[in-house]
Structures are given as structure tokens and as C-alpha cells.
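Secondary and tertiary structure notes
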Amino acid sequence: MKFDEQTVLVTGGGRGLGAAIAAAFAGQGARVVIDYRNSRDAAEALSNRLGENAIAVQGDVTDDAAVAALFDTAREHFGTPITTVVNNALADFSFDGDARPKADTITWERFDAQLRGSVRAALLTTQAALPGMREAGFGRIINVGTNLFQNPVVPYHDYTASKAALLSLTRTLSADLGADNITVNMVSGGLLRTTDASSATPAEVFDFIAASTPLQRVTTPEEFADALLFFASPWARSVTGQNLVVDGGLVKD
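First, a word on what this report is: a plain description of the structure on this page.

Here is what the cut-offs are and how they apply
Residues numbered from 1 in each chain as written. Predicted model: local features only at pLDDT ≥ 70, side-chain atom pairs only at ≥ 80, totals over all residues. Heavy atoms only, no water. Buried < 20%, exposed > 50% of the residue type's maximum accessible area, 1.4 Å probe, protein only. Helix = DSSP H or I, 4+ residues; strand = E, 2+ residues; numbered from the N terminus. Pairing = 2+ DSSP bridges. Right-handed = clockwise from strand over helix to strand, strands pointing away. Phe/Tyr/Trp six-rings, centres within 6.5 Å; stacked < 30°, edge-to-face > 60°. 1 Å grid on protein atoms, 1.4 Å probe; cavity = no way out; pocket = protein on both sides within 12 Å on 5 of 7 lines; lining within 4 Å. Points joined across faces, edges and corners; volume = space filled by probe spheres on them. Axes fitted to C-alpha atoms, helices over the stretch in contact; angles between N-to-C directions. Contact = heavy atoms within 4.5 Å. Polar contact = N/O pair within 3.5 Å; in protein donor to acceptor, adjacent residues only side chain to side chain.

1. Details of the pairing of strand E6 (residues 182-189)
- Most of E6 sits inside the fold, with 8 of its 8 residues counted as buried.
- Because side chains alternate across E6, one face comprises the buried residues Ile182, Val184, Met186 and Ser188, and the other comprises Thr183, Asn185, Val187 and Gly189, equally buried.
- Strand direction decides the pairing type here: strand E5 (residues 139-146) and E6, joined by 8 bridges, are parallel. When the bridges of E6 are listed, Ile142 appears paired with Asn185.
- This β-α-β element, E5 to helix H5 (residues 157-177) to E6, shows right-handed connectivity.

See below:
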């Protein structure tokens, strides 16, 4: 499908990276569903700015009933099923550098929260999307990952483990759903300058990352969002099960 034929769900789309992703798809003419959990004002303001082809819908994507209602609302509003899912929502987390708990103090509850936010949420949105994607004969699932499991420069144990699990799910789903013309890919970033989650990152970490990249700068949310467009575009029709790292060349995978 061309972009103007797609209905795109962006989870956690009300602010930060999610808002940049929603704006990128809307800029290509797609219908955009901006999912939010708590950021109602920001999500509705973004929807108003993007125009009639955008709608803001509240929904906790770790909750089965909320996900079902989210898909029903989107279909009722646009009259078409969701064809493209971007799993961007982030469980409560702050990229706060050395303030994160280390190996001797981190609790399992932190892992559980991140696994629910990454893996459970992606599974629920995928399952909810499958009937509509099969009806349309087209589906694109794009998961947002991280370069930290290739380059663990900070001890975000829980976050990194959950994203590694999400990459595994990305690849197994791609094998399972390919026959339905549904592709499943991941786009993995590093530190982004700047989102709400990275606002707590110390300045010296930003400087270290910038100095370590070939481009000598930290990737912006808008630059990262542009890369997601490829996987939803006609040019990626034969690409699935892949993980594209978008971090200014810091990780070469």
C-alpha cells in the first residue's frame, strides 16, 4: 500500500519520539491513530495540528480490553482497518545514566514492567491488528528497539533485556505472518536528543555519544522517525524480520 492508503497506529504517540513518528506518517498522507495513556492534552494537540487524517485515542496497550477498544475506535472513525502498527510506547522509564540501579540492587519488578511494556504490548497490538490486516491483504508491524544490547554503555538492564526480547518476537512473528503479506521489522535507536525520557540524561553522556559517532552528533527523534517510513513503504515490500540501527553510525550491525 502507498502511504495515503494506510491507517497507522502509533502507540505512545502523544509526545516525544511517538509524536515525531506520527507526524512523519501524517506528512506522507497516511491516516494516523495517536495512542496515548496519560498524555491526553499533548495527543489531542498533536491530532489537531496534523488535521483530519489524525485521531487521538486513549488506551493502555498492555491491557487486552483497552487494545481491542482502541482498534474498534480507529476503525469506526476512519472506516478502514489499521494496516500499520508502530509499537513505540515505553513503560515508565527515565534514561538517567548512572542513577539507574546496578546489578546488585535492581529488582525483578523493574524487568517485569519493561517486559510488559515492550513484549506484551507488541503481542496484544499485533493480535488485534491481524484480522484487519488479513482483510486488507497487507500489514506492516514496526517495533521500536534499542542499540543498547549491542553497545551497553549504561546499565539499563531491565529496558535492554525487554528490547532484546522484542527483537526475538519481531523475528518469530515475521516468520509466522509472512504468508499473509504482513512484514515485521524493528528500528533501533540509541540516545535521542531530546525526548521526555532522555531529558534526565546527563550532558556528558550526550557529549560522549556524539563524539563516538561518525556523524559527530546525537540522532533526533525526527531523524529516527524518518527511518520507520521505509519499512511501511512500497520499497520495503520484501523486507521482514530485520533490525535497522539508526544512531548516527555508533553501532555497525
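Alright, that's what it looks like, and here's the rest.
2. A few points about unusual backbone geometry
- Unlike most non-glycine residues, Asn181 shows phi in positive territory, near 60°.
- Inspection of the secondary structure puts Asn181 in the loop between H5 and E6.
- On the basis of relative accessibility, which here comes to 36%, the residue Asn181 falls in the partly exposed class.
- A positive phi is found at Gln216, a non-glycine position, where the angle reads about 60°.
- Inspection of the secondary structure puts Gln216 in the loop between helix H6 (203-212) and helix H7 (221-232).

3. A look at the environment of Ser199
- Positionally, Ser199 belongs in the loop between E6 and H6.
- Between the alpha carbons of Ser199 and Thr80 there is a distance of 37 Å; along the sequence they are 119 residues apart.

4. Here's the deal with the packing of aromatic side chains
- Following the criterion strictly, the structure yields 3 aromatic pairs and no others.
- Note on Phe3 and Phe25: the rings are 6.1 Å apart at their centroids and 70° apart in plane angle, and the pair reads as edge-to-face. One end of the pair, Phe3, is in the segment before strand E1 (7-10); the other, Phe25, is in helix H1 (residues 16-27), with 22 residues separating them in the sequence.
- Its relative accessible area of 0% is what places Phe25 among the buried residues.
- Consider the rings of Trp108 and Phe111, whose centres lie 5.5 Å apart with planes at 10°: the pair is stacked. Of this pair, Trp108 and Phe111 both sit in helix H4 (residues 108-136), 3 residues apart, which is roughly one turn of that helix.
- The exposure class of Phe111 is buried, given its relative accessible area of 18%.

5. Notes on empty space enclosed by the protein
- One pass over the structure, following the stated rule, counts 2 cavities of 30 Å³ or more.
- Considered as a void within the structure, the largest cavity measures approximately 50 Å³ in volume.
- Lining the largest cavity are Thr11, Val61, Asn87, Asn88, Ala89, Gly117, Ser118, Ala121, Ala122, Val144, Lys163 and Leu166.
- Going through the elements one at a time, H4 and H5 are the ones with two or more residues in the lining of the largest cavity.

6. Focus: the sheet that holds E5
- In spatial order, the strands read E3-E2-E1-E4-E5-E6-E7; together these 7 strands make up an open sheet with parallel pairing. Every other strand in the sheet has two partners, leaving strand E3 (54-58) and strand E7 (243-246) as the edge strands with one partner each. Pairwise comparison of adjacent strand axes, ignoring direction, gives a mean angle of 20° for this sheet.
- Packing of helix H2 (residues 40-50) onto the sheet brings it into contact with strand E2 (31-36) and E3, and relative to E2 it is tilted by some 170°.

7. Side note on the side chain of Thr146
- With respect to the element layout, Thr146 can be found in strand E5.
- Thr146 gets classed as buried once you look at its relative accessible area, which sits at 3%.
- From its side chain, Thr146 meets the backbone nitrogen of Leu148 in a polar contact 3.1 Å long.
- If near-sequence neighbours (up to four positions away) are discounted, Thr146 is found in contact with Tyr159, Lys163, Ser188 and Gly189.

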